[in-house]
Amino acid sequence: MNQGSGTTKDDIAAYRAIELIYHSYLTGLILMISSRVGAIRAADVVFRTFRRQQLARFVPGLKKLGLDQLPHAVACAQYHYLSNQVGGVKVEYVYESDTKAWVRYPPPRWIWSGTAICGIPSEVSRAMLWGWHANNGVVLGNPRLGFVCTGQTVDGQPGLEGYYKEWNHDLAPEERLQFSPGERCPPFRADLAPRLPENAWPEARLQKVLRNYAMEYITSIVPETIAVLGPEMGGHLAGAAARLVGMHTFDEVASLLGGVGPGAAGFAAAFARLAAGQGDDAQLLMERGLATVRQTSWRLMAEREALSSAIFDAWNELWIGAALAHDRFIRVDVTERRDRGDASWCWQFR
């Protein structure tokens, strides 16, 4: 009997669960790499992740938010303020002049939620800035624009903060990101900050945006982990982090979904619902005690080409970990894979 995915058009609970899973996976994978292979290689992965995000999202985002006609320093700072607000990130913005505007991320940092910040090396935090903030002037065709970081939360300062500044001369590549820990961001005034249009974000739309925000980082970081560390080491670490995150987020995921039924059948139904919640065409089939989920799409990696099979293997550990947390006797088998020429992705749960 084909039961479909069991979702409504907008399954807000599934959106929230997916955001939790991928947000946790982003943080967990960075911690895994930092602790297992060191800060330098972790910083390389993070740099590549944020540079890819910046190249894909920054200029379209400026236009979407109506900021593309503003002075560049102001446009950049407002972009971070508005886009991160939509993504659920705590952030502040302060205008100083048309050539200098501040952005500040006060604690708690979204990406390092809870106690995770204690395991993040300073080099990894700097790599985010090199990957994104230091490259805004480049993509805008403005060689005089750079970013000055005045504080990092991971170093014990009360927030990641700094300002975009347009100098009166072209910057060398190493000058596009500078550090000035003696300066402090002026006080934030919400009444002077830019605002998103009122009534533009109903709950379903907002939760979908939050889901997408977390998913996009996984779209970037898992392939970059494999690229930097190789399929064997990178795949192992990405998979190990995924399994741990799947196990440790499952209780909260189950609660968000309103509960998960017992055994393999109950988990398969939840898995299909989560797959649909991330935009995939998952179908649940129950036949003679065997639960099967089949889908032809993999939205998470749809825009990536020529993917290593290690990427799917690592990502799939999220669901193996979740299944083990639900019932440690569940067996999860992947019986079809589109990355190996099959028509569908197919999982069987016993």
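Residues numbered from 1 in each chain as written. Predicted model: local features only at pLDDT ≥ 70, side-chain atom pairs only at ≥ 80, totals over all residues. Heavy atoms only, no water.

## Quick notes on the packing of helix α7 (residues 263-277) against helix α8 (residues 309-326)
Just so we agree on the cut-off: Where helices are involved, their axes are fitted lines through C-alpha atoms of the stretch in contact, as for all axes, and angles between N-to-C directions lie from 0 to 180°. Only runs of H or I of at least four residues qualify as helices and only runs of E of at least two qualify as strands under DSSP, and these elements are numbered from the N terminus. The scheme is simple: roughly parallel for angles under 35 degrees, roughly antiparallel for over 145, roughly perpendicular for 65 to 115, oblique for anything else. Handedness of a crossing follows from how the near helix is turned relative to the far one, being left-handed for an anticlockwise turn of less than a right angle and right-handed for a clockwise one. Contacts: residue pairs with any heavy atoms within 4.5 Å of one another. Polar here means any residue other than Ala, Val, Leu, Ile, Met, Phe, Trp, Tyr, Cys and Pro, which are nonpolar, and Asp, Glu, Lys and Arg, which are charged; Gly is therefore polar.
For the pair α7 and α8, the least separation of the axes is 10 Å and the interaxial angle reads 140 degrees. Judged by the angle between their axes, α7 and α8 are oblique. In the packing of α7 onto α8, the handedness of the crossing is right-handed. Across the interface between the two elements, G263, F267, F271 and L274 of α7 pack against W319, A322, A323 and H326 of α8. Of the residues in the contact of α7 with α8, the class split is six nonpolar, two polar and no charged.

## Things to note about the side chain of Q348
We count it as follows: Each residue gets one of three labels from its accessible area relative to the maximum for its type: buried under 20%, exposed over 50%, partly exposed in between, using a 1.4 Å probe on protein chains only. By the criterion applied in these results, polar contacts are pairs of N or O atoms within 3.5 Å in which, for protein atoms, one can donate a hydrogen and the other can accept it, and in which residues neighboring in sequence qualify only through two side-chain atoms.
Tracing the backbone through its elements, the reader meets Q348 in strand β10 (residues 345-349). Judged by relative accessible area, which is 16%, Q348 ranks as buried. Engagement of the side chain of Q348 in a polar contact is seen with the side chain of R350, the distance being 3.1 Å.

## Examining the packing of aromatic side chains
Definition in use: To pair, rings of Phe, Tyr and Trp, with the six-membered ring standing in for Trp, must have centres within 6.5 Å; the planes then decide the type, stacked if under 30 degrees apart, edge-to-face if over 60, and tilted in the middle. A ring is considered to have a charge above it if a Lys NZ or an Arg CZ atom is located within 6 Å of its centre and within 35 degrees of its normal.
For the coordinates displayed, the defined rule picks out 23 aromatic pairs. Seen from their ring centres, W298 and W315 are 5.0 Å apart, and the 50 degrees between their planes marks the pair as tilted. Of this pair, W298 sits in the loop between β8 (290-295) and α8 while W315 sits in helix α8; the two residues are 17 residues apart in sequence, bridging distant segments of the chain. For the pair W298 and W315, one class covers both residues: buried. Ring centres 5.6 Å apart and planes at 50 degrees place the aromatic pair F312 and W315 in the tilted group. Here the residue F312 and the residue W315 both occupy positions in helix α8, the gap between them amounting to three residues, near one helical turn. Judged by its relative accessible area of 2%, F312 falls in the buried class. Judged by its relative accessible area of 3%, W315 falls in the buried class. Among the aromatic residues, those joined into a ring-pair cluster are F250, F267, F271, W298, F312, W315, W319, W345, W347 and F349. Its end group placed over the ring of Y163, K100 keeps NZ or CZ at 4.2 Å from the ring centre. Seen from the ring of F179, R126 lies directly overhead, with NZ or CZ sitting 4.0 Å from the centre.

## Looking at the confidence of the model for the protein
Parts of the prediction with low pLDDT should not have their coordinates interpreted in detail. Basically, it comes down to this: The predictor rates its confidence in each residue with pLDDT, a number between 0 and 100.
Of the residues in the protein, 97% reach a pLDDT of 70 or more, and the chain-wide mean stands at 94. Taken together, the stretch residues 1-8 has pLDDT below 50 and engages in 18 contacts with residues farther than four places along the chain or on a different chain.

## What to know about the nonpolar core
The condition that has to hold: Nine residue types can take part in a nonpolar core, namely buried Ala, Val, Leu, Ile, Met, Phe, Trp, Tyr and Cys, and a core is a set of them joined through side-chain atoms within 4.5 Å.
Formed by 103 residues in total, the largest nonpolar core has its most connected members in Y22, Y25, I30, W315, L318, W319 and F349. Setting aside residues no more than four positions away along its own chain, L318 makes contact with I21, Y22, Y25, A242, R243, V245 and G246. Listed in part, the seven residues of the second largest apolar core include V94, W102, V148 and Y163.

## Section: the sheet that holds strand β3 (residues 100-105)
Let me state the cut-off plainly: We call two strands paired when DSSP finds no fewer than two bridges between them.
Strand order across the open sheet formed by five strands is β2-β3-β5-β4-β6, with mixed pairing between neighbours. A single partner strand is all that each edge strand has here, and the edge strands are β2 (92-97) and β6 (177-179). Direction aside, the axes of adjacent strands within the sheet are offset by 20 degrees on average. In this sheet, β6 lies alongside strand β4 (residues 145-151) in parallel orientation, the contact comprising three bridges. Its bridge partner lying in β6, F147 is registered against L177. Each of β2, β3, β4 and β5 (160-166) is contacted by helix α3 (residues 72-86), which is oriented at about 20 degrees to β3, the strand it contacts most.

## Notes on the pattern of salt bridges
Oppositely charged side chains are able to pair whenever their charged atoms sit close together. What counts here: Any Lys or Arg side-chain nitrogen located within 4 Å of an Asp or Glu carboxyl oxygen qualifies as a salt bridge.
Tallied over the entire structure, the rule returns 21 salt bridges. The shortest N-O distance in the salt bridge between R57 and E303 comes to 3.3 Å. Placement of R57 in helix α2 (residues 39-64) and of E303 in the loop between β8 and α8 is noted, with a sequence separation of 246 residues between them. We note a salt bridge from E336 to R294, for which the minimum N-O separation is 2.8 Å. Residue E336 is found in strand β9 (residues 332-336), and its partner R294 is found in strand β8; the two are separated by 42 residues along the sequence. The structure contains a network of salt bridges with shared partners spanning R52, R57, E216 and E303.

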